[in-house]
Amino acid sequence: MLNDFQIVMLASGSKGNAALISTAKQRFLVDIGISCRALTTRMKEIGVSVNELDGVFITHEHVDHVRGLATFLKNYQVPVYSSVLTWRAILAKDSSLVRQNCRLIDNNRLLCGDLEVQSFSIPHDAVDPHGYTFTSRSNGSKCTYLTDAGFVTDTIREAVAGSSALVLEANHDVEMLKNGPYPRHLKQRILSTLGHLSNDTAGHFLTELERLPEHIVLAHLSEHNNLPQLAQDTVQNILQDNNRLQETELFVAAQNRVVADSPLPAVLDLK
Ligand SMILES: [Zn+2]
Ligand SMILES: [Zn+2]
């Protein structure tokens, strides 16, 4: 399967999410859930300037996905896309938002150069949450971004099918969550159909796919109810048990450091 995409997780987890999805010609962010300052610092670390971005896609209005958005819109001239309902929810919380670069995605579909970007609905306790697929119009190579989903719907199955690169939520280990420090209502929220995908659910969903993406990045790991090694081992064991492990390469995103699925360009030392 052709894979034209590079995924760089700038930050991922319950405290803030931002991912850079690039092809040789284009660069997009998904979510700005860390402060704008942290975002620019991490982008500088990998040698990419904010002004090189072709656009930003927002999945939903939860603060761990939009924390740096207001400052970003004030400081940069980069179009930021989301659904009308998500924009309304964001504006309801911050009416002073600079709206000049706030854009809508008509009919869940947007053409950007060689890429077709499609948004798809996901089950989560936000107003109008979405995942995104980026598909090359010249060769069909496809990258899908999916976090913050309570369960795997047919819409999700359809979106993820045929992906050559995939960001997939592996939020929690069910036992760690059940025995962990969270209050009962929060545990119920996370386990509900509008909550988050567990390591197990992520792994079993992958075995449903006819072909596995070349690269899979496990993302949005809970700080209290998961461990990077546990997420990786759980998904790896499920794939191994189904004799599918050799089809893919697994990565695990982190909250406080950049994780990339392929080598980053050399960073210039400007000091
Ligand atoms: Zn959320
Ligand atoms: Zn989230």
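Residues numbered from 1 in each chain as written. Chains lettered and ligands numbered in written order. Predicted model: local features only at pLDDT ≥ 70, side-chain atom pairs only at ≥ 80, totals over all residues. Heavy atoms only, no water.

Q: What is the right way to read the packing of aromatic side chains from this model?
A: Aromatic rings considered in pairs are described by the distance between their centres and by the relative angle of their planes. Going through the model one piece at a time under the given rule, you end up with six aromatic pairs. Between phenylalanine 57 and phenylalanine 134, the ring centres sit 5.6 Å apart and the planes meet at 80°, which makes this aromatic pair edge-to-face. Of the two residues, phenylalanine 57 is situated in strand E4 (residues 55-57) and phenylalanine 134 in strand E9 (residues 130-136); the sequence distance between them amounts to 77 residues. The two residues phenylalanine 57 and phenylalanine 134 agree in class, both being buried. Geometrically, the ring pair formed by phenylalanine 72 and tyrosine 76 is tilted, given 5.3 Å between the ring centres and 45° between the ring planes. Side by side, phenylalanine 72 and tyrosine 76 carry an identical accessibility label, which is buried. Among the aromatic side chains, those forming a connected cluster through ring pairs are Phe28, Phe57, Tyr81, Tyr132 and Phe134. (Phe/Tyr/Trp six-rings, centres within 6.5 Å; stacked < 30°, edge-to-face > 60°. Helix = DSSP H or I, 4+ residues; strand = E, 2+ residues; numbered from the N terminus. Buried < 20%, exposed > 50% of the residue type's maximum accessible area, 1.4 Å probe, protein only.)

Q: How do you make sense of a nonpolar patch on the surface when you look at a structure like this?
A: On the surface, Val84, Leu85, Leu104 and Val127 cluster together into a nonpolar patch covering about 320 Å² of accessible area. You can see leucine 104 is positioned in strand E6 (residues 102-104). Exposure remark for leucine 104: the relative accessible area of 45% places this residue in the partly exposed category. (Patch = residues over 30% accessible without salt bridge, like charges linked within 9 Å, V, L, I, M, F, W, Y side chains within 5 Å. Areas by Shrake-Rupley, 256 points an atom, 1.4 Å probe, with all protein chains shown as cover. Salt bridge = Lys/Arg side-chain N within 4 Å of Asp/Glu carboxyl O.)

Q: Looking at this structure, how should I read the coordination of the zinc ion (ligand 1)?
A: In ideal tetrahedral geometry, four donors around a metal make angles of 109.5 degrees, whereas ideal octahedral geometry with six donors gives angles of 90 or 180 degrees. The zinc ion (ligand 1) binds to the protein through His60 (NE2), His62 (ND1), His124 (NE2) and Asp148 (OD), with metal-donor distances spanning 2.2 to 2.5 Å. The coordination sphere of the zinc ion (ligand 1) comprises four donor atoms, whose angles at the metal cover 90 to 172°; the geometry is irregular. Between the zinc ion (ligand 1) and the zinc ion (ligand 2), both coordinated by aspartate 148, there is a metal-metal distance of 3.4 Å. Classification of histidine 60 as buried rests on a relative accessible area of 0%. (Donors = N, O, S within 2.8 Å, 3.2 Å for Na, K, Ca; no water. Tetrahedral: all angles 85-135°; square planar, octahedral: opposite > 155°, others 65-115°.)

Q: What should I look at first to understand the coordination of the zinc ion (ligand 2) in this one?
A: Here the zinc ion (ligand 2) is held by Asp64 (OD), His65 (NE2), Asp148 (OD) and His220 (NE2), and the distances to it run 2.1 to 2.2 Å. Each of the four donor atoms around the zinc ion (ligand 2) contributes to a set of angles spanning 89 to 168°, which defines the coordination as irregular. Expressed as a motif, the donor residue spacing for the zinc ion (ligand 2) is D-H-x82-D-x71-H.

Q: I would appreciate a short explanation of the sheet that holds strand E13 (residues 249-252) in the present structure.
A: Strand pairing in a sheet relies on backbone hydrogen bonds, with the paired strands running either antiparallel or parallel. Spatially, seven strands are ordered E7-E8-E9-E10-E11-E12-E13 in an open sheet, and the strand pairing comes out mixed. Both outer strands of the open sheet, strand E7 (109-112) and E13, are each paired with one neighbouring strand and no more. Averaged over all neighbouring strand pairs, the angle between strand axes comes to 20°, with direction disregarded. Where strand E8 (residues 115-121) and E9 come together, seven bridges link them in antiparallel fashion. Among the inter-strand pairings, phenylalanine 120 is bridged to a residue of E9, identified as glycine 131. Most of the contacts of helix H9 (residues 228-241) go to E13, to which it runs at about 155°, and overall it touches strand E12 (215-219) and E13. (Pairing = 2+ DSSP bridges. Axes fitted to C-alpha atoms, helices over the stretch in contact; angles between N-to-C directions. Contact = heavy atoms within 4.5 Å.)

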